[in-house]
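Fold and contact review
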Amino acid sequence: MTEQPRTIVVQPTTLCPMDCTYCYLLERHLKQEMTPLVATAIADGIGSSWEPVEVVWHGGEPLAVGVERFVELLAPFEPLRRAGRVRHKVQTGGGRPITDAWCDVFEQYDIGVGVSIDGPRTLNRHRVDRGGHPMFDRTVTGVETLKRRGIHFTVLAVVSQGGTRQAVQVLDFIRDLGTSWVGFNVEAKEGANVDGQTPSIEHARGFWRDTFEWCRDNPDLTVREVDNVLGFLGLASERRDADSKHDPIPTIGWNGDVVLLSPELLGVRSTIYSDFIAGNVLADDLPTILNRSDGLLYVQEFTAGLETCKQTCEFFAFCQGTQAGDRFFEHGTFTATETDHCRNSVQALVLALAELLRIEGTDDDPGADRAYGVAR
Ligand code: SF4
């Protein structure tokens, strides 16, 4: 792992008023809230030599903590934010209304806002409240508030089986929503989401192929995965082969517990892996917790799994091993290599682009590589 994180995920509350059918959070019905004491310990533990880090407030539903408490949690970070050493981001699922009061906070603390929505109404049937009622209209209302206030936002969208055949409709909707950046998470079995229907690699490949083609005609919307793979192909070949160390992505729960490598591991119970808890910020600062993380069984297993990936998988140079959590949720161990996630979000993505370049990158059409922004 890298010695310092680029991203820290912070859970202001476990509570989420929504009950999305694919949610991985086990304790989303419990109202457990972070105290300013824990937030202070996190801020105090941000290493003085670290590069600027992104602090992502992710829940539960982070807005469920309320404006007043959220401002109390931000306060300890203020000296760091003003010095340019942290930047905040909130990822909301729309489970609480985005009000003008929230917009005031986003503006005052320069908080990046991410909204979770899966595309047009029909593809949001998984996103429901505790009464089973769709959240779609409430989420769109929140987006309208952001737009009225001129607050830029990004989108995270889950791609379920049905969505893989509707890439164009999804992308048109997200573009028209008014964002310039979207990241897609192809549905996978994680945490509490053990019943989800994971798309096949053929369906995922079709989704990515349609996405590449759509992006060619719509350069104003950046799709994270397309950007990643084209950026990778644009690198010099020696850099493609280089090892890149994994961001430990410390995720800090409402009570100060820290898990590493995958936010989805927070709150998951496991005797063999000691619930994945690497420490608690009330007892040790983050650098101390990170420095001793090599002794954790799941970190050791993940490191071994990465080495196996490197030795055996043709996609490793681009992939670098993907998320630890997916290995555990699918195989019960971190030494496993291939997962539904890596098949659908890495392999299918690369194969879709290769297919398009093969079809279009003939001698008759030497401009096809350039059309996708690929430098060879
Ligand atoms: S695509 Fe899967 S098997 Fe291949 S390197 Fe990535 S995680 Fe490992």
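Everything numeric in this text was worked out from a predicted model, so none of it was measured. (Residues numbered from 1 in each chain as written. Predicted model: local features only at pLDDT ≥ 70, side-chain atom pairs only at ≥ 80, totals over all residues. Heavy atoms only, no water.)

Okay, the overall build of the chain next. Counting its secondary structure elements, the chain contains 15 helices and 10 strands. With 376 residues in all, the chain has 55% of them scored as buried. A total accessible area of about 16,500 Å² is found for the chain, and carbon and sulfur atoms account for 50% of it. (Helix = DSSP H or I, 4+ residues; strand = E, 2+ residues; numbered from the N terminus. Buried < 20%, exposed > 50% of the residue type's maximum accessible area, 1.4 Å probe, protein only. Areas by Shrake-Rupley, 256 points an atom, 1.4 Å probe, with all protein chains shown as cover.)

Around the ligand, the neighbouring residues are C309, C313, F315, F316, C319, G321, T322, R327, T337, E338, C342 and Q347. Contributing elements (two or more residues each) for the shell around the ligand: α12 (316-319) and α14 (340-360). Of the residues that constitute the shell around the ligand, the class distribution is six nonpolar, four polar and two charged. (Near = heavy atom within 4 Å. Nonpolar A, V, L, I, M, F, W, Y, C, P; charged D, E, K, R; others polar.)

It is worth spelling out the packing of helix α2 (residues 67-74) against helix α4 (residues 100-108) at this point. Across the interface, α2 lies against α4 with an axial gap of 11 Å and an inter-helix angle of 10°. Judged on the interaxial angle alone, α4 and α2 are roughly parallel. Two secondary-structure elements touch here, α2 through V67, F70, V71 and L74 and α4 through A101, W102 and V105. (Axes fitted to C-alpha atoms, helices over the stretch in contact; angles between N-to-C directions. Parallel < 35°, antiparallel > 145°, perpendicular 65-115°, else oblique. Contact = heavy atoms within 4.5 Å.)

Our focus in this paragraph is the nonpolar core. If you look at the biggest cluster of nonpolar residues, it comprises 98 residues, and the most contacted ones within it are W57, F77, F106, F184, W208 and Y298. With eight residues, α14 is the single largest residue contributor to this core. Setting aside residues up to four positions removed in sequence, W57 forms contacts with V10, P12, M34, P62, F70, L73, L74, F77, H88, K89, V90 and Q91. Of all hydrophobic cores here, the second largest spans seven residues; its members include C16, M18, C20 and C23. (Core = buried A, V, L, I, M, F, W, Y, C linked by side-chain atoms within 4.5 Å.)

For a regular strand, the rule is simple: side chains alternate between the two faces of the sheet. Within strand β3 (residues 86-92), six of the seven residues are buried, which leaves the element mostly enclosed by the surrounding structure. In the sheet, strand β2 (residues 53-57) pairs with β3 via five bridges, with the strands oriented parallel. Across the sheet, V55 pairs through a bridge with H88, a residue of β3. Looking at chain direction, β3 and strand β4 (residues 112-116) are connected through four bridges and run parallel. The partner of V90 across the bridge, within β4, is V113. (Pairing = 2+ DSSP bridges.)

The final tally for this structure, using the stated rule, is 18 aromatic pairs. On the numbers, 6.0 Å between centres and 25° between planes, the contact of W102 with F106 is stacked. Residue W102 and its partner F106 are located together in helix α4, separated by four residues, close to a single helical turn. Linked through ring pairs, Y273, F276, Y298, F328, F329 and F334 together constitute an aromatic cluster. Here the basic side chain of K89 rests over the ring of W181, its NZ or CZ set 5.6 Å away from the ring centre. (Phe/Tyr/Trp six-rings, centres within 6.5 Å; stacked < 30°, edge-to-face > 60°. Lys NZ or Arg CZ within 6 Å of the ring centre and 35° of its normal.)

The next thing to look at is unusual backbone geometry. Generally, phi is negative for residues other than glycine and the peptide bonds are trans, each holding for most cases. Despite not being glycine, D275 has its phi angle at roughly 55°, a positive value. When you line up the elements, D275 lands in the loop between β9 (257-259) and β10 (277-280). A positive phi angle, near 70°, is found at F276, a position not held by glycine. For F276, the position within the fold is in the loop between β9 and β10.

What follows deals with the sheet that holds β2. The strand order across the open sheet formed by 10 strands is β7-β6-β5-β4-β3-β2-β1-β8-β9-β10, and the pairing between neighbours is mixed. Of all strands in the sheet, those with a lone pairing partner are β7 (222-223) and β10, marking the two edges.

With respect to the helices, strands and loops of the structure, H341 is situated in helix α14. For H341, a relative accessible area of 18% gives the class buried. What H341 contacts, discounting residues up to four positions off in sequence, is T322, Q323, D326, E330 and V346.

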